[in-house]
Structure formats: C-alpha cells, structure tokens
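Fold and contact review
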Amino acid sequence: MDAGLFWEWVIKSLIIVLVLTGGFAYATLYERRVIARIQVRIGPNRAGPFGLLQPVADGIKLIFKEELTPAGADKVLFFLAPIITVLPSLVITAVVPWGDTVVIGGRAIRLYLTDINVGLLYILAVASISVYGIVLAGWASNNKYALLGGLRSAAQMISYELALGLSFVGPVLLAGSLSLMDIINAQKHLWFVVLQPAAFLLYFLASLAEVNRAPFDMPEAEQELTAGYHAEYSGMKFALFFMAEYIKMIAVAMIGASLFLGGYMGPFVDRFPWLGPVYLFLKVAVWLFVLIWLRATLPRIRYDRLMQLGWKVMFPLGLLNAVVTAFVVVLVGG
Amino acid sequence: MALGTLIIFAVLGLVVAGSAIGMLVSRNAIYAALFLVLNFIAVGVLYLILGAPFISFAQVAIYAGSIMVLFVFVIMLLGAEQLPVQEPLRGQRWIGLLAGVLFLLEAGAFFYLRTSAPQWAAEIGFGFESPVVVGRMLIEKYLLPFEITGFLLLIAVVGAIFLARLDTPVRGKGLGRHAQTGERKE
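In this report, we go over the structure that sits alongside the text. On a predicted model such as this, the values are computed, not experimentally measured, just so you know. (Residues numbered from 1 in each chain as written. Chains lettered and ligands numbered in written order. Predicted model: local features only at pLDDT ≥ 70, side-chain atom pairs only at ≥ 80, totals over all residues. Heavy atoms only, no water.)

This part covers the nonpolar core. L120, I123, Y132, Y203 and L259 of chain A together with I30 and M76 of chain B are the most contacted members of the largest nonpolar core, which has 102 residues in total. Excluding its chain neighbours within four sequence positions, the residues that come into contact with Y203 of chain A are L164, S167, F168, V252, I255, G256, F260 and W287 of chain A. One finds I184, M265, V269 and Y279 of chain A within the second-largest nonpolar core, a separate group that totals seven residues. (Core = buried A, V, L, I, M, F, W, Y, C linked by side-chain atoms within 4.5 Å. Buried < 20%, exposed > 50% of the residue type's maximum accessible area, 1.4 Å probe, protein only. Contact = heavy atoms within 4.5 Å.)

The following block contains the structure:
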C-alpha cells in the first residue's frame, strides 16, 4: 500500500465525519425552520443571516452547560453510553458511494471510501450495534423513566431490524449483489423504487423506527417518560445523543437514496462526475424534508400498535416481498 | 509473517482472551454480557483480517447485534444484574481451572514434541469469500446440511413459542381470544 493511498483514505474518512457532523448541525436548523413554517411560525432567525449561526450558538450553549452524573448511576457505562451511540452512526455510511471517479491533480480519485462486496451486511451489522448505546444509557442512569425508555427502544429496534433487513432483500436480488456500488449501477435506467414499491415502503417505515423518529419516537415520549433514555443526561453528553439521532437520519436517507432512488445517479453524471455528490445531497435533502414533515403532521403511534405493525404487518410483508421478488427474478432470468 | 500483521493479531488476541476472562469473572450480569459483545466483535474483526468479510459481518450482526441485545434486554427486564458470588455448582471453578491447565500443557506438548515443522494452510483462491460463492456453496454443495440446519432452527422456534405459551387457558373453560387473561394452568 503506497502512502498516497493511505492519505487518500484518511482524508476521505475525515471528510465523511466532517460532512456528517456538519450535516447534523444544519439538519437541526433545517428541522426547526421547516416545522416552524408548517406551524405558521418563523423559527430561529436571529443568530446570523437567516439564523444560519443558530447551530453554533446551540453548540456553545451545550458545551458550557453543567454536566451532571446521578449519584446512583453506573459511572463507567453512563460515560460510555453516548460514545457507543455516536460511533456506529458515524461509521455506518462508510460504504455509501458519493459518486464515481473524478480526477484531481492528475490522480483518479474514487468518490467513495470503500466498495466492499458485503456492503449491505456491513450496514446491518453496524445498525444492530447502535442499539446498545441507548439501552445502556437507560440502564446506567439508574432512573426508572430512563430504564423504561431504554427497554422500549431496544424492543422497538429489534423488532424493526427484521423488517429493515428484509427490505434490503429486494434491491439485492434485483442487482444480484450486496455491494452498494453495484446496486446503484443497476439503477442507471430505472430506480428500484418503481420495481420495489413494497420494499421501499418497508425500508422507509422501518428506518423511521430504527432512528426513533416520529411517529415512532416512542422511546422518548415526553408525556409519559419525561425524556426517555436520555432523561439524566445534560451538556455535551446529551448533545452526543442528539447528534447520533440526526446523523442516523442523514445516514438512513443516504442509504435509502442509494438503495431505491438511484444514489448519486442523475442526468449527465456520466460526463460530469462532480454532479454525483450534488444529486445525492439533493435526494437526502428531500428525504429529510419528508421525515420532518411526518414529524410535524402525525401523532405518536401507541406502543402495542407499534409492535403489532412491526411483527404482524411489516415482517410478513417483507417475507412475501422477498419470495415474490425471488420468483420473478428467476422467471425473468435477471 | 510481517511484523505489522503480527502486532495486529497479538492485540486482537489479547482483546479476545481478555474480554472472555472479563466475562467469566465479572459479577455484574450487564458487564458480563458487554464483555461477551466485545469478544464477539473482536472475533469478527479477526475474521475480517483473515479475509472472510461475509462471516465477519454476519457474526457481528447476528451474535453481537441481535442475540446479545436480547440477553441485555432480559437482564434489564428481570433486574437480575447482580450475579451470586457463590456458584450454584460447587467446585466447578477448580475443575475448570484444572481443565484449562491441562489444555495448555497439551498445546505446549504438541508444540514442542511435534515431528514436522508447522505447515501453512493451503491458499484459497481469490473471490472465495464473496457472498456469491458462499451462497452457491450453501445451496449447491452443502444443500442437505443447510436444509437440516434450517429445519433445526424451525423446530427451535416452534419449541420456544410452545414454552412461552404455557399459560394457555385450561381446555373447555374458554377458548376465545379474550381467554388469555384468564386462569393459568398450574
């Protein structure tokens, strides 16, 4: 391995982390502004032009807040839980391509960190690890509300992980590969959302539940659980949970766009490879808008209904979709 | 073997062994479960370095991600964090230690008394680790074991459901769907 390749990887990883954390900051502003519009308010517009400095102000506020550790808390896990929550969300998009190859200074640079042949399996593995942070935060706080929130979120994430995994099967069967690059290339002419509407719907709902967003934000139901698993957290530790939630939103939007909406593909992307990241960014922005729109519109679903939807509707639908897709692929000879 | 690879394997091996020991000696069930998770992930990384990404990520997703989450979930739900200091089976710790020492002696004896130099395992072809090849192997070459495994897992699922439904109502007293809250079979 030559040194140039090594630095290329380091720089790409750094860019991914910076884009995700910067994206987190501006996703919060995006959400507050859009929700304000939907509720006929204006939203934060004081800090900087159009309120663009609001995330900076929020960050400074959170850094200077006092950090409390409850007396009965398990100190080690209380400290580790926010870190365990943030890390998977930062690394999960490592296999999502941003574009094809571009040339910078005579060196062909591929606009993705890595293209492994088990990319989707990697995403599932990292997603399944991210449950721990939330469960441990609930347990380590030594607070009944937090523990209930943690248990609820664990049950919810385990239940919807199955539907999430099954929704991956459709695109994988159509593309004949687990690599996200191959899946995107297979959508050159037709997006998979057209061929796999059921899988798309499954992915959309299951990913909402995986990132604990409304209407599935049961783990943090304010009215019944104060703030759920992060009730005892303050200052930067709370900010890490907040960060993980928004980065996960961006990550599911990126993965969903790659699986069903053609990823970085778009008109003229063959001739101008720099358009790839732009298309991906636009798709992610639209996806995030829909997530915010849903939060502003739908009431929270009741917990038993949530479990019933996951196990009795989405899981069988996913199985059926996998079987039907496999049959069609074999019959057509894809 | 290159020095860098050796160092990586040594560190990983230490993590694997250390987390396994931590799991055994930890008296808090949550910590024990977390040590086991760390162990599974470290073994997954070991698979990754050995060039088997499919097995590696399957290991992390299924063992570390799904099964252990259920363990942690049940421990928290039952509030059974504190493990008893006295083990229920007396003397098993000493038997375990004895077996460990015996095993170490056996490994050492094999290493020093072997008659031929250690052989490198035969190199497997490029692309052997790809999901396509693994899938073809499972469906074509090892179809029968694959099917038998699937059948065993199905039996396990049915058995689990049967165990969980022990509190079905007594026959004849109410078979409707509201009977679940009724009497329990003793």
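The subject of this paragraph is the packing of aromatic side chains. In this description, an aromatic ring pair is defined by two values, namely the gap between the centres and the angle between the planes. Residue and element names in this part refer to chain A. A complete count under the given rule lists 18 aromatic pairs over all chains for this structure. Centre to centre, the rings of F6 and W7 are 5.5 Å apart; their planes meet at 75 degrees, and the pair counts as edge-to-face. Classification of F6 by relative accessible area gives partly exposed; the value is 40%. Ring plane angle 40 degrees and centroid distance 6.0 Å describe the contact between F289 and W293, whose orientation is recorded as tilted. You can see F289 and its partner W293 sitting in helix α12 (residues 275–297), four residues apart, about one turn around the helix. Each residue in the set F168, F200, Y203, F204, F260 and W287 is aromatic and connected to the rest through ring pairs, giving one cluster. (Phe/Tyr/Trp six-rings, centres within 6.5 Å; stacked < 30°, edge-to-face > 60°. Helix = DSSP H or I, 4+ residues; strand = E, 2+ residues; numbered from the N terminus.)

In this section: the interface of chain A and chain B. Counting residues at the interface gives 24 residues for chain A, matched by 26 residues for chain B. On the chain A side of the contact with chain B, Y132, W139 and L151 of chain A bury the most area, a combined 29% of that side's loss. Along the contact surface separating chain A from chain B lie zero salt bridges. The interface formed by chain A and chain B holds three residue pairs in polar contact (both at pLDDT 80 or more) in total. When its residues are assigned to classes, the side of chain A that touches chain B shows 20 nonpolar, two polar and two charged. (Buried area = accessible area lost by both parts, 1.4 Å probe. Salt bridge = Lys/Arg side-chain N within 4 Å of Asp/Glu carboxyl O. Polar contact = N/O pair within 3.5 Å; in protein donor to acceptor, adjacent residues only side chain to side chain. Nonpolar A, V, L, I, M, F, W, Y, C, P; charged D, E, K, R; others polar.)

This part takes up helix α2 (residues 54–64) of chain A. Residue and element names in this part refer to chain A. Regarding α2, the residues found buried are Q54, P55 and L62. Burial along α2 is one-sided: seen end-on, the buried residues are contained in an arc of 95 degrees. Exposed side of α2, more than 90 degrees from the buried face: I63 and F64 are the residues found there. In this structure, the buried side of α2 is in contact with α1 (3–38) and α11 (235–260). (Arc of directions from axis to C-beta.)

Here we take up a nonpolar patch on the surface. All names here are of chain A. Together, Y26, F50, L52, L53, V56, I60, I63, F64 and M236 make up a nonpolar patch on the protein surface, roughly 940 Å² of accessible area in all. Looking at the nonpolar patch, the element that brings in the most residues is α2, giving four residues. Along the chain, Y26 falls in helix α1. (Patch = residues over 30% accessible without salt bridge, like charges linked within 9 Å, V, L, I, M, F, W, Y side chains within 5 Å. Areas by Shrake-Rupley, 256 points an atom, 1.4 Å probe, with all protein chains shown as cover.)

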